[in-house]
Amino acid sequence: MSNSRTIDNLNKALQMEMSAAHQYQLHAHVLNDWGLNILAEKMRAEQAEEIGHSDLFIERILFLKGVPDIAFAKPPKPAETLEAMFRADLADEEEAIRFYVQAARQANESDDVGSRALFEKIALDEEGHKAWLELQLELIERLGEKTYSAKQVSFSEDSGE
């Protein structure tokens, strides 16, 4: 059942998800440092989701008798502003969606229904991330970054700080 092109695509996807997970991890720490603990928690949730995606890709690679290549597609980078953070993440999500759609098409051509379905599922998840990022950028544009940021702060005792 092994298909080298699909396994290559699954490994690339694994690396993209590992990069995304660690990018969100870095974002969470930066946002905490900026005092934006509500948004930091959102980034931690995104990190967990991306790790879950990477687990699914590892499982599929192993099922196809491939060898998972756990690495970063690109290293995480800190952002200078919220807008820069969201724009960089949006570009990554758009790239991921394009790749997953292409990989699903290629898996389908190889009659690999399981890999096709996995790529499609993750593409749909990434579309949700993309929509959320677009909304955050619209809010920053309408409200300004300072007002937007003020809504991302919690002063409660149980905020994790």
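For the structure given in this document, a descriptive report is provided here. Everything quoted here is computed from the prediction, not taken from an experiment.

**Focus: helix 3 (residues 82-109)**
Part 1: A rise of 1.5 Å per residue sets the reference length of helix 3, with its 28 residues, at 40 Å; its end C-alpha atoms lie 41 Å apart and thus fit the reference within 8%.
Part 2: One or two steps after helix 3, the chain reaches Asp-111, where phi turns positive at roughly 60°.

**Describing the pattern of salt bridges**
Part 1: All told, the structure shown has ten salt bridges when counted by the stated rule.
Part 2: Residue Glu-83 is joined to Arg-87 by a salt bridge in which the shortest nitrogen-to-oxygen separation is 3.0 Å. A residue pair is termed a helical-turn pair when its members lie 3 or 4 positions apart in one helix, as Glu-83 and Arg-87 do in helix 3 at four residues.
Part 3: Given the relative accessible area of 31%, Glu-83 is considered partly exposed.
Part 4: Look at Arg-87 and you get partly exposed, because its relative accessible area is 44%.

**Describing the side chain of Ser-149**
Part 1: You can see Ser-149 is positioned in helix 5 (residues 145-150).
Part 2: For Ser-149, a relative accessible area of 15% puts it in the buried group.
Part 3: At a separation of 2.8 Å, a polar atom in the side chain of Ser-149 contacts the main-chain carbonyl oxygen of Glu-145.
Part 4: Excluding residues that lie within four positions of it along the chain, Ser-149 makes contacts with Leu-36 and Leu-82.

**Description of the nonpolar core**
It is characteristic of soluble globular proteins that their nonpolar side chains tend to be buried jointly.
Part 1: Ranked by internal contacts, the top residues of the largest apolar core, which has 19 residues, are Leu-10, Ala-13, Leu-14, Phe-57, Phe-99, Tyr-100 and Phe-119.
Part 2: Counting residues per element, the ones that place at least two in this core are helix 1 (4-33), helix 2 (37-63), helix 3 and helix 4 (113-143).
Part 3: By residue number, the principal contributor to this core is helix 1, which donates six residues.
Part 4: Ignoring any residue separated from it by four or fewer positions in sequence, one finds Ala-13 in contact with Phe-57, Phe-99, Tyr-100 and Phe-119.
Part 5: Ala-28, Met-43, Leu-82 and Tyr-148 belong to the second-largest nonpolar core, a separate cluster that totals 17 residues.

What counts as what
Residues numbered from 1 in each chain as written. Predicted model: local features only at pLDDT ≥ 70, side-chain atom pairs only at ≥ 80, totals over all residues. Heavy atoms only, no water. Helix = DSSP H or I, 4+ residues; strand = E, 2+ residues; numbered from the N terminus. Expected span 1.5 Å × (residues − 1). Salt bridge = Lys/Arg side-chain N within 4 Å of Asp/Glu carboxyl O. Buried < 20%, exposed > 50% of the residue type's maximum accessible area, 1.4 Å probe, protein only. Polar contact = N/O pair within 3.5 Å; in protein donor to acceptor, adjacent residues only side chain to side chain. Contact = heavy atoms within 4.5 Å. Core = buried A, V, L, I, M, F, W, Y, C linked by side-chain atoms within 4.5 Å.

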